[in-house]
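The lines below spell out each chain.
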Amino acid sequence: MVRRIASQVHQQVSRLMRGNVIKEEPRWYKAVLEHPPLPLPSKAPPTRTAYDTKQPKSQSKPRPYDPKPLSIYYLEDDIRRQFFRDHPFEAFRPTTLTESATIAAAHPIQGKEWTRLRQRGRKPSPEDAVQFALNLHQHHGLSLSYAYARAVAQFRALRSEHHIATTMAATEADCLGGIFQNSEVAHAFEKEIKSLATWERQAELDEGAMAARKRWRSIVQGNQEPREWSKGQEYVRLWKEGIKPQYLPALTEPVNAPPTPQQLAQTPNYLGLNAPA
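Note that the structure is predicted; figures quoted are calculated from it, not measured.

(A) Geometry of the overall build of the protein chain. Within the protein chain, the regular secondary structure consists of 10 helices and zero strands. Starting at the N terminus and walking to the C terminus, you meet the elements of the protein chain as α-α-α-α-α-α-α-α-α-α. Considering the protein chain as a whole, with its 277 residues, one finds that 13% of them fall into the buried category. Once local pairs closer than 6 in sequence are excluded, the contacts in the protein chain between residues at least 24 apart make up 51%. Carbon and sulfur atoms provide 58% of the accessible area of the protein chain, an area that totals close to 25700 Å².

Here is the structure:
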């Protein structure tokens, strides 16, 4: 049999079966026909020559491979970092983290039209101040330091104006008899205090239940007779005299039977009859 490649064995066996060289079909024949092996490539790769394998000499050293990704840098990150370094308490102001189904549209005032921070509102956020400083630097030709100083100055002025207006409004409402409800923070503190009070009450109930369980417990009364070990002699003496030992008199004493109706009828004071005048 001519030597064949492994992927062509079933073809050679098929030819031998047609020529009656192989009488019985091998057990693996149908399995190989259902799942034939992968064919060989249409063309073998050409042989490499010495010229192909020769590498050109490079004048400079190759750049070493660095798998680290390139750093992502945004200019507003530097402005934001400096802003919170100058105003650390702005990070403690409450803000909402609720996300909507779609991304909010950009503000219509952008680019060269944005010249004053007040155009975004009378109560700007720290992010508005950062974006305003970046806008002054990119669209108005100001240096970054001057744009930042101008944005921070307007931010502080608007925040001071808002604080004074809020304080005066609260004072005026208080003078006119206005009643303010508790804020969400104060309401949360009240709920926490009530919850802690229930814990103290629960601890008292647990202590009371433990005391009640200790109070109502069974106490077995022991024998009041002096317990002296007589080596069984006292027990043998009582046995010989025919006296039964009284370990628990409350159980061994006979129980007095209640009087019968006939006996009650014969008593003179029964039901108030024959009572002395």
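(B) Quick look at helix H6 (residues 144-175). For H6, spanning 32 residues, the distance from its first C-alpha to its last is 47 Å, which sits close to the expected 46 Å at 1.5 Å a residue. Among the residues of H6, those classed as buried are Ala147, Tyr148, Ala151, Val152, Gln154, Phe155, Leu158 and Arg159.

(C) Region of the structure containing the nonpolar core. Within the largest apolar cluster, 17 residues are counted, with the highest numbers of intra-cluster contacts made by Ile79, Phe83, Leu117, Phe132, Leu136, Tyr148 and Phe155. Broken down by secondary-structure element, the contributors of at least two residues to this core are helix H4 (75-86), helix H5 (126-139) and H6. For Phe132, the contacting residues outside a window of four places in its chain are Trp114, Thr115, Arg116, Leu117, Ala151 and Gln154.

(D) Quick peek at the side chain of Asp128. Assignment of secondary structure puts Asp128 in helix H5. Ignoring any residue separated from it by four or fewer positions in sequence, one finds Asp128 in contact with Trp114, Leu117 and Arg120.

(E) Geometry of unusual backbone geometry. The phi angle at Asn20 is positive, at roughly 60 degrees, despite the residue not being glycine. Along the chain, Asn20 falls in the loop between helix H1 (9-18) and helix H2 (29-34).

(F) Up close: the packing of aromatic side chains. The tally for this structure, following the rule as stated, stands at five aromatic pairs. Where Trp28 meets Tyr29, the ring centres are 6.5 Å apart and the plane angle is 65 degrees; that geometry is what we call edge-to-face. By relative accessible area, Trp28 is classed as partly exposed at 38%. Centre to centre, the rings of Trp114 and Phe132 are 5.2 Å apart; their planes meet at 55 degrees, and the pair counts as tilted. Residue Trp114 is located in the loop between H4 and H5, and its partner Phe132 is located in helix H5; the two are separated by 18 residues in the primary sequence. Both residues of the pair, Trp114 and Phe132, count as buried. Pairwise contacts between aromatic rings join Phe83, Phe84 and Phe155 into one cluster. The ring of Trp114 carries Arg120 above its face, with NZ or CZ at 3.8 Å from the centroid.

Conventions used here
Residues numbered from 1 in each chain as written. Predicted model: local features only at pLDDT ≥ 70, side-chain atom pairs only at ≥ 80, totals over all residues. Heavy atoms only, no water. Helix = DSSP H or I, 4+ residues; strand = E, 2+ residues; numbered from the N terminus. Buried < 20%, exposed > 50% of the residue type's maximum accessible area, 1.4 Å probe, protein only. Contact = heavy atoms within 4.5 Å. Areas by Shrake-Rupley, 256 points an atom, 1.4 Å probe, with all protein chains shown as cover. Expected span 1.5 Å × (residues − 1). Core = buried A, V, L, I, M, F, W, Y, C linked by side-chain atoms within 4.5 Å. Phe/Tyr/Trp six-rings, centres within 6.5 Å; stacked < 30°, edge-to-face > 60°. Lys NZ or Arg CZ within 6 Å of the ring centre and 35° of its normal.

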